[in-house]
2 protein chains.
Amino acid sequence: MSSFDLETYVLKCAKEAKQASDQLIMRTTEEKNIALAEMAELLWQERQKILDANKQDIKQAQLNGIPETRIDRLMIDEARIEGMIEGLHQLVALIDPVGEVIEQVTRPNGMKLEKVRVPFGVIGMVYESRPNVTVDAAGLAIKTGNAVVLRGGREALKTNQALVNALRLGLERANIPSTAIQLIERTERESVGILIRAKEWLDLVIPRGGAGLIQRVIEESLVPVIETGVGNCHLYVHEAANLKMAKEIAFNAKVQRPSVCNAIETLLVDQKIADDFLAQIVPLYREAEVEIRGCEKTNSIIEVEKVATEEDYAAEFLDLTIAVKVVKDLEEAIQHIHHYGTKHTEAIVTEDQQAAKQFLNRVDAAAVNHNVSTRFTDGFEYGLGAEIGISTQKLHARGPMGLQELTSYKYLVRGTGQIRE
Amino acid sequence: MSSFDLETYVLKCAKEAKQASDQLIMRTTEEKNIALAEMAELLWQERQKILDANKQDIKQAQLNGIPETRIDRLMIDEARIEGMIEGLHQLVALIDPVGEVIEQVTRPNGMKLEKVRVPFGVIGMVYESRPNVTVDAAGLAIKTGNAVVLRGGREALKTNQALVNALRLGLERANIPSTAIQLIERTERESVGILIRAKEWLDLVIPRGGAGLIQRVIEESLVPVIETGVGNCHLYVHEAANLKMAKEIAFNAKVQRPSVCNAIETLLVDQKIADDFLAQIVPLYREAEVEIRGCEKTNSIIEVEKVATEEDYAAEFLDLTIAVKVVKDLEEAIQHIHHYGTKHTEAIVTEDQQAAKQFLNRVDAAAVNHNVSTRFTDGFEYGLGAEIGISTQKLHARGPMGLQELTSYKYLVRGTGQIRE
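The rules behind these values
Residues numbered from 1 in each chain as written. Chains lettered and ligands numbered in written order. Predicted model: local features only at pLDDT ≥ 70, side-chain atom pairs only at ≥ 80, totals over all residues. Heavy atoms only, no water. UniProt positions renumbered as here; feature names shortened; annotations may be inferred. Helix = DSSP H or I, 4+ residues; strand = E, 2+ residues; numbered from the N terminus. Buried < 20%, exposed > 50% of the residue type's maximum accessible area, 1.4 Å probe, protein only. Contact = heavy atoms within 4.5 Å. Pairing = 2+ DSSP bridges. Axes fitted to C-alpha atoms, helices over the stretch in contact; angles between N-to-C directions. 1 Å grid on protein atoms, 1.4 Å probe; cavity = no way out; pocket = protein on both sides within 12 Å on 5 of 7 lines; lining within 4 Å. Points joined across faces, edges and corners; volume = space filled by probe spheres on them. Nonpolar A, V, L, I, M, F, W, Y, C, P; charged D, E, K, R; others polar. Domains from an automatic or database assignment. Least-squares fit on C-alpha atoms with pLDDT ≥ 70 in both. pLDDT = per-residue confidence, 0-100. Core = buried A, V, L, I, M, F, W, Y, C linked by side-chain atoms within 4.5 Å. Buried area = accessible area lost by both parts, 1.4 Å probe. Salt bridge = Lys/Arg side-chain N within 4 Å of Asp/Glu carboxyl O. Polar contact = N/O pair within 3.5 Å; in protein donor to acceptor, adjacent residues only side chain to side chain. Phe/Tyr/Trp six-rings, centres within 6.5 Å; stacked < 30°, edge-to-face > 60°. Lys NZ or Arg CZ within 6 Å of the ring centre and 35° of its normal. Parallel < 35°, antiparallel > 145°, perpendicular 65-115°, else oblique. Left-handed = near helix turned anticlockwise from the far one by under 90°. Expected span 1.5 Å × (residues − 1).

- In the annotation of an unreviewed UniProt entry, the entry for chain A reads Gamma-glutamyl phosphate reductase, and the organism field reads Seinonella peptonophila.
- Database annotation for chain A, UniProt heading Function (unreviewed entry): "Catalyzes the NADPH-dependent reduction of L-glutamate 5-phosphate into L-glutamate 5-semialdehyde and phosphate. The product spontaneously undergoes cyclization to form 1-pyrroline-5-carboxylate."
- Taken verbatim from the UniProt record of chain A, the Subcellular location (unreviewed entry) comment is "Cytoplasm".

Right, here's the structure in full:
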């Protein structure tokens, strides 16, 4: 396919989504819920085709020498399809944010202003190998009256085709244009570039995946982007910490699931309690096979595997590695986080309310936690019901993004002939 | 100055702003209000220096052959300074959105979530010749606890220097770091490029000015942008319109102040009332020296100055020119607006509530008006008290942006040692 044809193809998908969004905007909550239920039903009916497609993808990935961890993310089985179906059913039960009147006022000249929640229109999703994102994103989009253009990873193409085929059959049964869910079936690198410059048809782009993908989307996109997911999260153990609590949180935040964005990557320890605290946490980390990269002071207290470098403080390890730094005080901890943090989740453990207040106030992150593990930054844990990603920027949405974050608003202004003097 | 030095200089300004924002975040509403009052006071004390600087800018602009309309935008006199001062005083009286608890919930595990309104941090403003933007933007930023980096137009440099000097003296008197207001004094084109890529220091960029400037900022920025101001606004006179009302609105929306973004550029007239309505509005437009560029049908009813082209429908004239198109029905009007609109303000005049409902629901714009002139899309008219611009995108803010739109939020999560199972 020539680059001209590729552009024509991608823009056609985007344009069809835009046209479908003009239909979607007129659907009631009930109609959208029926569509979600049909989508769930069709996933079940089509499960064998989906599993077969997934087997082909996995076979190809193995032939291509894709690492085992990525193949694991790609793999689906009947239980995972059931999980996707369950996710769609949960969406049905959630409150539809569209149509909510956020504010309402009558101005002195008699004109009535209503600030009303509306769908964005068309949302572009650019993501990597997890096929569940395909179903989650389509479901969240339909619930909020948005059309969606999906650009998943190359390895998952056949799986995504089978999933989207089922979802679109579901839309058709519910009398919603199947073009509201678009899958870009060309996985050349440039198809992403064309999509994220299609400002005429897309209203929002959400990248989900590694730091490289997200960076590329931010750099190239002409469509507004919500940056998601990179989490270089810190836990600061303050001098006035309850050390038993600090130990439990430090262990949980690193070890319970190290591959996710809300796990910690650096532990900051106040020098006044460093000897005592490191003596408690380090044996636990060692037992769990956590590799410790510590600063010189840490190394003088416990023997570390490696002395930490600038790169270690900046790294999102996403595995059983942790950087440890002994800091002079609260101020140094805050400055370290200002410098290395990615505005995701930052936590302090302390019994000193003044120190906690200063940390909560000054640390610039989507979530700032006091005496709570960083692992709770998550749509389900926050009670939002479902999430399309975790925003690490400050425009529009911050932290876990649920249904409300997939909407915009507009002003409806009603009058009786008012003109401006 | 070499390009290396230019980059060093711009980034130094941005970094200083970031450091100041860490101070600003800790100031109370009262402290910020005192700063605004001092800024106002200093503008008055320094007025002679400001006026002298402005005279120099104007003289230079005239030497450079800058058009009269742009020189008019650049010019300030004592009355305009009083207007700026009044604007700062009005900000003092407005409610500070920072610190507002937007939502609050205790989760089943006992952790307490608070969604709290916070400043963005550092806002970059890129604008053209109006010096009042300098004072408005600085005032709105300080009120909301944000630092600001101003990059005004080349022609206004001396004026902006004098204004910012006064504002910074005001900050100092109020014990707030004067580095919270930064003016980029290098007006090479590339200084904009460096600023809007300074993702490390800036949290938000707002461009204000012509379509070319806004387009450039969207294309080059790595910092999240709020797109503002380009308004190709339409008025649709439906078949069931009260024609007297339609005439008044059509005249007001075009003629009362044609140079602004919420004036209309195209009039869409339903074919069923086209003869009648055009016979009423055209003489009024002609009397006001409005140039009419009409479609063939319009031309067959009244003789137009020029037959409208695609370019005319796409143009934001910002002067006494209007495109007129006779449309078959509501659907054609909506499709025309879908195609040519810039998502600013769109209006319908009709007595038919069903038609109005469909127009309000389907037209995708920041403000959709029924029987009201488009000219009301404005922060003051909406009762927001002040505005930093009118957003025409859907991410974060839509329509007039007041104080609340200059804030983000974060989650404060307080617990008693909760860890994730």
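**Notes on the overall build of chain A**
Working step 1: Counting secondary structure elements, chain A contains 15 helices and 16 strands.
Working step 2: Projected onto its principal axes, the C-alpha coordinates of chain A cover approximately 70 × 70 × 40 Å.
Working step 3: Taken over 421 residues, chain A has a buried fraction of 59%.
Working step 4: The contacts of chain A with a sequence gap of at least 6 include a subset with a gap of at least 24, amounting to 72%.

**Here we look at the sheet that holds strand β3 (residues 122–127) of chain A**
Residue and element names in this part refer to chain A.
Working step 1: Reading across from one edge, β5-β4-β3-β6 is the order of the four strands in this open sheet, with parallel pairing throughout. Looking along the sheet, the strands with just one partner apiece sit at the ends: β5 (181–183) and β6 (204–208). Averaged over all pairs of adjacent strands, the angle between strand axes in this sheet comes to 20°, irrespective of strand direction.
Working step 2: Direction of pairing for strand β4 (residues 147–151) relative to β5: parallel, over a ladder of three bridges.

**Describing the layout of surface pockets**
All names here are of chain A.
Working step 1: Approximately 1700 Å³ is the volume found for the second largest pocket.
Working step 2: For the second largest pocket, the lining is made up of 47 residues, of which R130, N132, R208, R257 and V260 are closest to its centre.
Working step 3: Elements with a minimum of two residues in the lining of the second largest pocket: α4 (68–74), α5 (78–93), α6 (132–143) and β14 (389–391).
Working step 4: Of all the elements, α5 adds the most residues to the lining of the second largest pocket, at nine residues.
Working step 5: Split into classes, the residues belonging to the lining of the second largest pocket amount to 19 nonpolar, 14 polar and 14 charged.
Working step 6: The residues that make up the lining of the second largest pocket include at least three from each of domain 1 (3–227 + 395–414) and domain 2 (233–376).

**Looking at the pairing of strand β12 (residues 345–349) of chain A**
Residues and elements named next belong to chain A.
Working step 1: Taken across its five residues, β12 has five buried, putting it largely inside the fold.
Working step 2: What you see with β12 is no split at all: T345, A347 and V349 on one side and E346 and I348 on the other are buried throughout.
Working step 3: Inspection of the sheet shows strand β7 (residues 233–237) paired to β12 by four bridges, in the parallel sense. From the neighbouring strand, L235 faces β12, where its bridge partner is A347.

**Quick look at the domain arrangement of chain A**
Working step 1: For chain A, the domain assignment lists domain 1 (3–227 + 395–414) and domain 2 (233–376).
Working step 2: Distance between the C-alpha centres of domain 1 of chain A and domain 2 of chain A: 36 Å.

**A short note on the relation of the copies chain A and chain B**
Working step 1: For these two chains of identical sequence, chain A goes onto chain B by a turn of 180° and a shift of 0.0 Å along the axis, with RMSD 0.0 Å. Here the symmetry operator amounts to a two-fold rotation axis. Using C-alpha coordinates, one finds that chain A approaches the rotation axis most closely at A:H396, a distance of 1.9 Å.
Working step 2: The fraction of interface residues of chain A whose copies in chain B are also interface residues reaches 100%, indicating that both copies meet through the same surface.

**Some remarks on the confidence of the model for chain A**
Working step 1: Put simply, chain A has an average pLDDT of 95, and 99% of its residues get 70 or more.
Working step 2: With pTM at 0.92, the complex prediction returns an ipTM value of 0.93.

**Quick word on the nonpolar core**
Working step 1: By size, the foremost hydrophobic cluster in this structure holds 171 residues, and its most contacted members are A:L43, A:I181, B:L43 and B:I181.
Working step 2: Look past the residues within four positions of A:I181 in its chain and what remains in contact with it is A:M39, A:A138, A:I142, A:V148, A:L150, A:V164, A:L167, A:R168 and A:L171.
Working step 3: Formed by 38 residues, the second largest nonpolar core is a distinct cluster that contains A:I273, A:V304, A:A315 and A:F317.

**Brief notes about the environment of B:F380**
Working step 1: Checked against the element boundaries, B:F380 lands in the loop between β13 (367–372) and β14 (389–391).
Working step 2: On the basis of relative accessibility, which here comes to 48%, the residue B:F380 falls in the partly exposed class.
Working step 3: For the pair B:F380 and B:R117, spaced 263 residues apart in the sequence, the C-alpha separation amounts to 22 Å.
Working step 4: Those residues in contact with B:F380 that lie beyond four places of it in its chain are A:R107, B:Q90, B:G385 and B:A386.

**Regarding the interface of chain A and chain B**
Working step 1: Taken residue by residue, the interface counts 76 residues in chain A and 76 residues in chain B.
Working step 2: Of the roughly 6500 Å² buried between chain A and chain B, counting both surfaces, carbon and sulfur atoms make up 50%.
Working step 3: By the criterion of area lost to chain B, the three top residues of chain A are A:L395, A:Y411 and A:R420, representing 13% of everything that side buries.
Working step 4: Counting every contact that joins chain A to chain B gives twelve salt bridges.

**Let's talk about helix α15 (residues 353–362) of chain B**
Note: α-helices contain 3.6 residues per turn, so residues at a spacing of three or four share the same orientation.
Working step 1: Turning to α15(B), its buried residues are B:A355, B:A356, B:F359, B:L360 and B:R362.
Working step 2: Two or three places before B:Q354, at the start of α15(B), stands the capping residue B:D352, its side-chain oxygen 2.9 Å from that residue's backbone nitrogen.

**Overview of the packing of aromatic side chains**
Think of a pair of aromatic rings as described by two things: how far the centres are apart, and how the planes are tilted against each other in angle.
Working step 1: Enumeration over the complete set of coordinates arrives at eight aromatic pairs over all chains.
Working step 2: Ring plane angle 25° and centroid distance 6.3 Å describe the contact between A:Y236 and A:F359, whose orientation is recorded as stacked. Of this pair, A:Y236 sits in strand β7 while A:F359 sits in helix α15 (residues 353–362), placing them 123 residues apart in sequence.
Working step 3: Overall, A:F359 belongs to the buried group, its relative accessible area being 0%.
Working step 4: Site record: aromatic cluster; members linked through ring pairs are A:Y382, B:Y409 and B:Y411.
Working step 5: When the ring centre of A:W44 is taken as origin, the NZ or CZ atom of A:R47, which lies over that ring, is 3.7 Å away.
Working step 6: Between the NZ or CZ atom of B:K325 and the centre of the ring of B:Y313, over which it lies, the distance is 5.6 Å.

**A look at the pattern of salt bridges**
Working step 1: Evaluation of the coordinates by the stated rule reveals 62 salt bridges over all chains.
Working step 2: A salt bridge links B:E46 to B:K49, with the nearest nitrogen and oxygen atoms 3.3 Å apart.
Working step 3: Residue B:E46 is classed as buried on the basis of its relative accessible area, which comes to 12%.
Working step 4: Here the residues in one salt-bridge network are A:K18, A:D203, B:D364, B:K394 and B:R398, joined through shared partners.

**What to know about the packing of helix α2 (residues 29–45) of chain B against helix α6 (residues 132–143) of chain B**
Residues and elements named next belong to chain B.
Working step 1: In the contact formed by α2 and α6, the axes pass within 9 Å of each other and the chain directions differ by 160°. In terms of their interaxial angle, α2 and α6 are classed as roughly antiparallel. Crossing handedness for the pair α2 and α6: right-handed. Seen from α2, the contacting residues are K32, N33, A35, L36, M39 and L43; seen from α6, they are V135, A138, G139, I142 and K143.

**Digging into the UniProt feature "domain: Aldehyde dehydrogenase" (unreviewed entry) in chain A**
Working step 1: Annotation from UniProt places "domain: Aldehyde dehydrogenase" (unreviewed entry) at residues 20–290 of chain A.
Working step 2: When the span residues 20–290 of chain A is considered, its composition is 50% helix and 17% strand, and the gap between its end C-alpha atoms is 50 Å.

**Remarks on unusual backbone geometry**
Residues and elements named next belong to chain A.
Working step 1: Backbone geometry at N175 places phi at a positive 65°, although glycine is not the residue there.
Working step 2: By relative accessible area, which is 62% here, N175 ends up exposed.
Working step 3: You will see that N371, though not glycine, has its phi angle at about 60°, which is positive.
Working step 4: The topology assignment puts N371 in strand β13 (residues 367–372).
Working step 5: A relative accessible area of 5% means that N371 is categorised as buried.

**Overview of helix α7 (residues 157–173) of chain B**
All names here are of chain B.
Working step 1: An ideal rise of 1.5 Å per residue puts 24 Å on 17 residues; α7 measures up with 24 Å between its terminal C-alpha atoms.
Working step 2: Among all positions of α7, only L157, T159, N160, A162, L163, V164, A166, L167, G170 and L171 are buried.
Working step 3: A positive backbone phi angle near 65° is found at N175, which sits one or two residues after α7.

**Some words on empty space enclosed by the protein**
Working step 1: Scanning the entire structure with this criterion turns up one cavity of 30 Å³ or more.
Working step 2: Forming the boundary of the largest cavity are 20 residues, of which A:P224, A:V225, B:V223, B:P224 and B:V225 lie nearest the centre.
Working step 3: Split into classes, the residues belonging to the lining of the largest cavity amount to twelve nonpolar, four polar and four charged.

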